[in-house]
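# Tertiary structure, described
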Amino acid sequence: MATSYSATNGQNEEYTFDAFEDGSSKLVGEQQLTKLNQFAVDYAQQIWKIEEALDETLNEVWDINIDPVSIYNKPHEQLDLIELVKTDHKIFNKVMLVFSSICNQARILKETAENKFYSPLTVFGEITGESSEGDVQIEVGKLLPFMIDLSAFVNRCYSLIRNIISQFASIYQAQKNIHTQFFKNVHLQAVYYSMIDIFSVLINLDSIITQNTALDSSWGRYLRMVKSVKQEPNKYSVSGEEDKLWQLEKLLLSLKGQLLEGFIFQSCIQQEFDFPGVIDVKGNKVLKGEFQYNVKVLWSMFGTKIMDSSELNLRERFPGFMGLYAFYIALFKDITDKSFFKQVWEVTKRVPMVSINVNVFWFPADFIQQLMPGMIKIVGGSPNHMEIRRDYLRIVDKEFSGRVKSYYLQVSRWMVRMESSQTRSGTLWDVSLSKVGQIIQGVQLSYHISHLLKTMIGLHMHLTAPLKPSDVRKLFQCAEMLKSIENTFHRRSAMISAHISMMVQQLTDIINEKLNVVRSKYAGRSNYSEIELDVIVALSLCSDLLCGVATNERITVVRLCLNVIYQSNILKENDIEELRLHIKRLEFISDIGKIVKASCDCSILFWSRDLFPTYLQFLYQNPSQATSLQYTLTGLKDVVSVLDKAIHVDNAKQQLIDVYRNEMEEMIDKNIIQPLGKDVETDLRLHIHAFLNIEEKDPFKTGIKEFGKFLELKPLRFFDRTIDIKSRISHYLDQTFYNLNTVALFDWKTYSEMRNMAFYKYGLQLLEVHLPGSTLEQGLDVLEIMRNIHIFVSRYNYNLNNQIFIQRSSNSKTLNTINITHISNSIRTHGSGIMNTTINFAYRFLVQKFSIFSEFLFDDQIKSKLYKNIKYFRENKEQLNNMYPSELVTELERDIRQLGVSETGLTFLDHFRLLITHIGNAMGYIRLVRSGGLHYCSNAIKFVPDLKKIPKFQDLTTKDALSPETIQASTNLDSIIHNLSNNLSEGTEYFKMLVSVFATEFRNIANQHLKNFYIIVPALASNYIDHMINSKDKLFKKSKAIGAEALLFTDDGFAIGLAYILKLLDQNKDFDSLHWFDRIQLKCETDQKRMLAEANAKGIKEDQNHLAIKKIQNFQQEYELFKYSFSGSRIFFKD
C-alpha cells in the first residue's frame, strides 16, 4: 500500500499547483479569538461581581433591619451532666454531679424567668392603660393561668434554695465524715453565684410586680367581682357552683399574698431550713463561717469591680449580692460585723439604682430599709435616701454630656477597627487574641452606654426631675451608639463565626497552660493525700471538659473543678484572677449573640417615648445628623419582643404593637415630614420668585438648613413598614401644586418651574400639574348632601330671595356656597331621578325633627306656660287692643331660661329655634332641588324651538322608511323630549306633597299639645331677632375670640320653617290674631318717643342719645326683614 502510494505520488508531481490563500482560515481564527476574549471578559466580570458581593469589607451586604436571617453561634451538644462528670473517683463524681446539677437548675430558672415571666408582668396595662370595668376582669382572667405558673416557679426557687442550704449543711459541719473531709478547704463560689442568680430573680419579680400598679389594681377588681358573684350566684347563673367559687377566691387570695404584695424574696429567706435530727443549719458554726467567708470574698470582688471600666453584667447581679447578704443575716442572725455593712452601704451610695428589666428599677437603699432596718443605725441614724439619689443625679447630669462625647469617640474608633479587613502583624495566635479583645471591648462599651442611658432615664423618672433638651438629644445618641454597635456585630457576624472556634481554642489553651503549673507540682509522685488526689482528679476532669464545645454545662463543671483546684494554694491570686477572667471570656464568646442583644437593648425608650418629639425637633433643626434617625428607629422597635409576650390581650401585635407603631409614625410625620414638606415648598418658591427682590436671609443669623439630607436618606425601616421620606415629600408637593393649580390655572408655568427646581436641587421626581383651561361649576354633590342632610342643614344658612346656601364657618378664608347652578350640574351628572330620592331622604329627616318638636311642646313646664299665656290673652284681648303683649314674651323667655342652659350658653328656646331653622333649611333645600331640576330641564330643552309644537320624530323616520336602528333612536329622542317638556311645564309641587303627608298627623286629636304652638311664635321670633342682631354686630368686630359660627348675615331657614309648621298645624289665622308685628311696630315707636321725651326732660342732647335710638331702629329693621321673609315663605304654602 505504501509503495503503491509513493508511486502514485511520484507520478502526480508534475500536476502540483501553487498554494493559494484566500484569507478564510485567518478570518475564522480571528472570530474564534474574539469569542474567546469576550468569554474571558464576561467571566472576569462575573467573578468580580461575586467577589464584590462576598467581600467582607462591604457594609451594605449585612443590614440588621432587612436581613431575614442571622448567624446563631450558641454551642450545643447531646451529652448531659452524668456523661460529662466521669472520673475514677466516685465520691468526687457524686459531689460534682450534685452541685453542677444545682447550678444548672439555677441557670435554667433564671433563663425561664427572663424569657417567660418578666415581660408579661412588665407590659400588663401598657398602652391600653387601665381598662374599663369588665375588660379588666377579662384581662386578669387571661392572666390567671400565668400567675399559677409563676407561683409554681417561685415555689421551685424556694425548693432549690432549701436544697442548696441542705447540701451545704451536710458538707460543712463539725462532725467529720467523708464529705466534710473533702470540702474542708474548698469554697464553692460557683454555687454561691447560683444562689445570687436565684435571689436576683426573686428580687426582680418583687420589683416588677410592685412597680406595676395596674396589676395590683386589676387583681383587686377581679377579686371583688368573684366575691359579688359568690354572694348572688343565681343572678349570674352559677348556682350550685359555690364550692368552686370559694376555691377560686381562696386561690386569688393565696396568689395575692404570695406574689403581689412584694414578699417573694422575703418569704424565701424566712422559710424553715432546719430539720431537727437530720440537718442543723442555724446552729452550724462551720457553715456560718464558710458562708460568711464567701459573702465577704464575693463582696470584695464585687465592690472593686462594680464601677470599673472592665465591669460587665455585675450591676444586674447587685440585687442578688444584696439578697445573699440579707439571707446570711436572716439565717444566722449575725449583725456583729459593722465594718462590712459600712462597705456594703458605700457600694449602695456609689450605685443607688440598678435597671433590672427594661423600665423596672431597683434601689438598694430601699431594700436595706425594708429587710435590714436595724442595720441602718450603723451608718449613723436614718439617711435621706432621696437626697442621696438627687445628689447622684446632679453628678450624672453634670458629667452626662462629657461621658457621651467620650463614648462616641470610643465607639467610632472601635467600629473602624471592627470594620477594617487588615489584621495586625504577628502570629495567628496574636490575631485571634486581638479579635477577642475587640469583641469584648465592643460589648463593654455597649454595657456602659446602656447603663448610662438607663440611669439617666430611671433617675429622672423616679425623682420626677426635668430633662434638658440637650440631654434628650444625648440620650438618643446613646441609643444610636448601642444600635451602631449591634449593627457592627451583625455585619461582622461572618468574621466572628469564622474565628469563634479559634478563639475558643485559644482561651482553652491559655486555661490549660495556667493549670499546667498545678499539674507540674504533682508530676512524678506516687503518693498523694486525699486533698491532692481530689485536685488531680479535678485537673483531669477540667482538661477533658475543655476539649469539647464550651456549653453552659461544661463551663459550670469547670468552675466547680477550679474551686477544688484552688485549695491547693499553688496558684497565686493573679493567676486565679486570670483564670476567672478567661473562663468568663470563654462563656462570653460561646454566647456572644445573646449577650450583644441584651447589652444593646433599647426597650426602655418605649417608656420614654414622650421624649421622641423633642429628639425629632432637634434632628429637624440639625439636618446634618439625619442619618442617625434609622438607628433610633431600630432602638424604638426593640420593645417588640417584650410586647409580643403580653398575655392579658388576645392579639398583642394588633392591640399593643400596632398602636405603638402608629403612635411613633404620627410623631415622625408631625415633626419631620410635614414641616419638611412645607419648608421645601417655601424654599422652592423663594428660588422661583427671586426676581421679586425678596429680602435675603442672613445665614450667619438664621443658619442654613440642608433639607436635602433628609431626602438623601434611604427608606427607613420601622417594624414591618418602610418610611420613605423622599417619596412622601414628593407626594406632598404633587398634591399641593395640583390643588393650588386647580384654583389658579394661570400659575401652571410657575409650578412647572418649581417642579424643575425640585428635581435639580433635591432630586425629587414630581408629576406635571398643568391642567386644561376649563372648569366645571359643580360644588357639593347632591348625593353627598342627601346622605348627610342632618349635617348640611346645621352647617349652612339659607337665603330665601337668592335661593342660595352659605356655609356657616370654614377652616380656610373662604366659605362654600350652593346655588341653583350647582344643583343643576349635579342633577345633570346623576339624572333627574335623584330628585325623588332627595325628597325621600328629606322626609325621613323631617320625621326625626318633628318627633323632637312634639316632645318639646309636650313638656309639662312648657305646656303650662303656653296655656297660661293663651288664657291671659283671651281674657284681656280687648284691653290689649287685640295685640299680644311683649311683656308675656319677655316673661316666657325668662321662665324658659330658668329651666337650664347648655354648655354653649344656649337655652331651650334657642335649641327650639335651631330645630325650626333646620326644618326650614331642609324645606329650602327641597325648593333648591326643584329649582335646580327646572334649570337643568330648561338648559336641556333649550334647543327645542317651540315647546307647544314638538314633532314626533318616530313618525317622521317611519314615514321615510329609515333603518330600524334610526327609528329606535328617534323613539328614544321622543321619550326624552317628552319627559323634559313635562318636567319643565308641570314640575312637582314638593311643598304641597310634604304638607299633605304631615298635616293629617299634626292635626290629629292625639296631638292636642301642638295646638299651642302659635303662642310661642312671638318668643321664637324675638329670640331669632336677638340672634341675628348679635351675629351681624360681630361681623364688624375683629376680635379673634369670636367664633366663626357666630358670624352670619342671613338665616331665612327659620322663616320658612315657621311658615311650614304653621301651615301643618293650620294655625296661620291663630297667629295672625295675635297681631304680633303690629305690636312690635307700636312698641318700637313708643320706645323711641319715650326716650326722646326723657332726653328732652333731662336736657340730654340728641347726639348723646343716638346709640340707644339706633339700637331700637336696628331692632325694628330686623323685625321688618323677618316679616318680609316670613310673609314670602307663607306664599309657598297657600292653597
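Report on the accompanying structure. All residue numbers refer to positions counted from 1 along the written sequence of the respective chain. Owing to the predicted nature of the model, reporting of local features is limited to residues with pLDDT of at least 70; listing and counting of side-chain atom pairs is limited to 80 or more, with chain, interface and lining totals taken over all residues. Heavy atoms throughout the structure, all of them, feed into the side-chain values; hydrogens and water do not.

### Quick notes on the overall build of the chain
Under the DSSP-based scheme used, a helix requires at least four consecutive residues in state H or I and a strand at least two consecutive residues in state E, with every element numbered from the N terminus. Scanning the chain from terminus to terminus reveals 45 helices and seven strands. Here the chain holds 1135 residues, and the buried ones make up 47% of them. Summarising the internal contacts of the chain: among those between residues at least 6 apart in sequence, 80% fall at separations of at least 24. For every accessible area listed, the method is Shrake-Rupley and the probe measures 1.4 Å; residues are considered covered only by the protein chains on display. Accessible surface for the chain amounts to roughly 59300 Å². Of this, 53% is attributable to carbon and sulfur atoms. Using a 1.4 Å probe on the protein chains alone, a residue whose accessible area is under 20% of its type maximum counts as buried, one over 50% counts as exposed, and one in between counts as partly exposed. Contacts were defined at the residue level, with two residues in contact if any of their heavy atoms lie within 4.5 Å.

### Details of the sheet that holds strand S6 (residues 804–807)
DSSP-based pairing: two strands are paired if at least 2 bridges between them are found. Judged by pairing direction, the sheet is antiparallel, and its three strands sit side by side in the order S5-S6-S7 without closing on themselves. Of all the strands in the sheet, the pair left with one neighbour each is strand S5 (796–799) and strand S7 (817–818).

### As for the packing of helix H12 (residues 318–332) against helix H14 (residues 364–371)
Axes are the key here: two packed helices are described by the angle between their axes and the distance separating the axes. Whenever a helix is involved, its axis is fitted only over the stretch in contact; in every case the axis is a line through C-alpha atoms, and angles between N-to-C directions fall within 0 to 180 degrees. The interhelical angle for the contact between H12 and H14, taken along N-to-C directions, is 20°, at an axis separation of 11 Å. On the basis of the axis angle, H12 is roughly parallel to H14. Handedness of the crossing formed by H12 with H14: right-handed. Judged by residue contacts, Phe318, Met322, Gly323 and Ala326 of H12 engage Pro364, Phe367 and Ile368 from H14. Each residue is assigned to one class: nonpolar for Ala, Val, Leu, Ile, Met, Phe, Trp, Tyr, Cys and Pro, charged for Asp, Glu, Lys and Arg, and polar for all the others, Gly among them. Residue composition of the contact of H12 with H14, by class: six nonpolar, one polar and no charged. For classification purposes, angles smaller than 35 degrees are called roughly parallel, those larger than 145 roughly antiparallel, those between 65 and 115 roughly perpendicular, and all remaining angles oblique. We call a crossing left-handed when the near helix sits turned anticlockwise from the far one by less than a right angle, and right-handed when that turn is clockwise.

### Here's the deal with the pattern of salt bridges
Between side chains of opposite charge, a pair can form when the charged atoms approach closely. Throughout this description, the term salt bridge denotes a Lys or Arg side-chain nitrogen within 4 Å of a carboxyl oxygen of Asp or Glu. Throughout the structure, instances matching the rule amount to 40 salt bridges. One salt bridge in this structure joins Lys110 and Asp197, with 3.8 Å as the shortest N-O distance. Taken together, the positions of Lys110 in helix H4 (residues 90–123) and Asp197 in helix H7 (residues 189–211) put the pair 87 residues apart, joining distant regions of the chain. Judged by relative accessible area, which is 10%, Asp197 ranks as buried. A single salt-bridge network, built from bridges that share partners, covers Glu387, Arg390, Asp391 and Arg394.

### A short note on the pairing of strand S1 (residues 354–357)
Taken together, the three bridges between S1 and strand S2 (residues 360–362) define a ladder with antiparallel strand orientation. Bridge pairing in S2 places Asn357 opposite Val360. Where S1 hands over to S2, the hairpin turn is made up of two residues, of which Val358 adopts a positive phi near 40°.

### Digging into the packing of aromatic side chains
Two rings from Phe, Tyr or Trp (for Trp, the six-membered ring) form a pair when their centres sit within 6.5 Å of each other. Planes less than 30 degrees apart are called stacked, planes more than 60 degrees apart edge-to-face, and all others tilted. A full pass over the atoms with the stated rule returns 70 aromatic pairs. Consider the rings of Phe718 and Phe719, whose centres lie 4.6 Å apart with planes at 85°: the pair is edge-to-face. When sorted by exposure, Phe718 lands in the same class as Phe719, which is buried. By definition here, charges over rings are those cases where NZ of Lys or CZ of Arg is within 6 Å of the ring centre and within 35 degrees of the ring normal. The ring of Phe606 has Arg609 sitting right over it, with the charged end atom 4.4 Å from the ring centre. One residue, Arg844, lies across the ring of Phe841, its end atom 5.3 Å from the ring centre.

### A few points about the nonpolar core
What is meant by a nonpolar core is a set of buried Ala, Val, Leu, Ile, Met, Phe, Trp, Tyr and Cys residues, joined one to another through side-chain atoms within 4.5 Å. Of all hydrophobic cores here, the largest spans 234 residues; its most connected members are Phe168, Met195, Trp299 and Ile725. Broken down by element, the residue count for this core peaks at 18 residues, all from helix H5 (residues 135–171). Sequence-distant contacts of Trp299, defined by excluding residues within four places in its chain, comprise Phe318, Phe321, Met322, Tyr325, Phe340, Val344 and Val347.

### Describing the side chain of Arg808
Checked against the element boundaries, Arg808 lands in the loop between S6 and S7. His is not counted here, nor are the chain ends, while Lys and Arg score as positive and Asp and Glu score as negative. In this structure Arg808 is buried but unpaired, with Asp1051 as the nearest side chain of opposite charge at 4.0 Å. A distance of 3.2 Å separates a polar atom in the side chain of Arg808 from a polar atom in the side chain of Asn797. A 3.5 Å cut-off defines polar contacts: any pair of N or O atoms within that distance qualifies, except that in protein one atom must be a possible hydrogen donor and the other a possible acceptor, and neighbouring residues in sequence count only when both atoms are side-chain atoms.

### Quick notes on the environment of Ser520
Locating Ser520 in the fold gives a position in helix H18 (residues 493–522). Residue Ser520 is classed as partly exposed on the basis of its relative accessible area of 47%. Of the polar contacts made by the side chain of Ser520, one reaches the backbone oxygen of Val517; its length is 2.7 Å.

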